[in-house]
Amino acid sequence: DGRTELDVLVEQILRVESLTDPKDPTYEKLRQGIVPKGLSSEKVKLAQADVRAQPITTAELCNRMIDHVADNLNREINSGYDTVKVNTTVLNIMAAILEKVHPKGEAEDDPIALEAYRKKQREMMDFGGARLVIDIIGCKPPAPRMLVEAAIDFGIEMLDLHNPDVQADMLEYLNNGRSDQFFFNCREYLIAAEKAIVTERAQAAKGAGSFEDAYEKKQRFTMGLVELLRLFMEGHNLAMQDILRAQPENKKDFNLLGDVVDLCSTIAKDAQVLRGLPTLLL
């Protein structure tokens, strides 16, 4: 029907309470053998085999899922499943839940739609989602790239359209004097991206490949990180601007603003290449 597996999973999570509530009207009728119009009799068998004790809420489920990621960072658990893939899927689900209520186009200016989105962002923040993003990016040793990329996407969704509450929660966490590794890892990602651009341009100049293709494949991660850092500061958030420039509470300072400027300068150094980049990468 055009929906992806992730779409269906998100829908199930958002209506998990009715799917688990023993007092749900549809469930009660099916248990009694009453089949509402449009449902097959097979649903009766499923309902009678479905012994519910108490409802599970979407909030409880999301909270458990985020806790699972936080508790198992850089730790493989003996579950028979790939922990990194499970954690990545959890983050993709959380981002998709936010995306479902994300106002687009003209709806961004609709106060009701915007508040519904911000409410959902704050829910994710209350589950620990905003701080989890910082923990994953600041993991030591660095978390697998696919997990970090999923965390960046989730963080962007939590901050998009300027949510000052999420910004404040992240700022408080970054200010606790134990965020050195987050800033160190961000700097390493940005420097590595800058070096990769220089290398790829040199190879392209020798006819070894297309710079645009290499850029598009390898730099999505970096551009996502830059967008996340931009959203940290959106709305002229001076406190966030300051902490991305210097971290007096930490043992060492990292000037991420300077690193982003250096990266942008490297990207824009070759005007000919810059003009040839796809619009989304400018």
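Only a predicted model underlies this, so the values are computations on that prediction, with no experimental measurement involved.

Before going further, it helps to examine the pattern of salt bridges. Counted by the stated rule, this structure contains 14 salt bridges. A salt bridge links Glu-172 to Arg-131; its shortest N-O distance comes to 3.5 Å. Of this pair, Glu-172 sits in helix 10 (residues 164-174) while Arg-131 sits in helix 8 (residues 129-137), and the two are 41 residues apart along the sequence. By relative accessible area, Glu-172 is classed as exposed at 53%. Take Arg-131: its relative accessible area is 25%, and that puts it in the partly exposed class. One salt bridge connects Arg-187 with Asp-259, and the closest N-O pair in it is separated by 3.4 Å. Of the two residues, Arg-187 sits in helix 11 (residues 180-205) while Asp-259 sits in helix 15 (residues 256-268), which places them 72 residues apart along the sequence. A residue is classified by how much of its surface remains accessible, and Arg-187, at 30% relative accessible area, is partly exposed. Given the relative accessible area of 9%, Asp-259 is considered buried. By sharing partners, the salt bridges in this structure join Glu-115, Arg-122 and Asp-165 into a single network.

What counts and what doesn't
- Residues numbered from 1 in each chain as written.
- Predicted model: local features only at pLDDT ≥ 70, side-chain atom pairs only at ≥ 80, totals over all residues.
- Heavy atoms only, no water.
- Salt bridge = Lys/Arg side-chain N within 4 Å of Asp/Glu carboxyl O.
- Helix = DSSP H or I, 4+ residues; strand = E, 2+ residues; numbered from the N terminus.
- Buried < 20%, exposed > 50% of the residue type's maximum accessible area, 1.4 Å probe, protein only.

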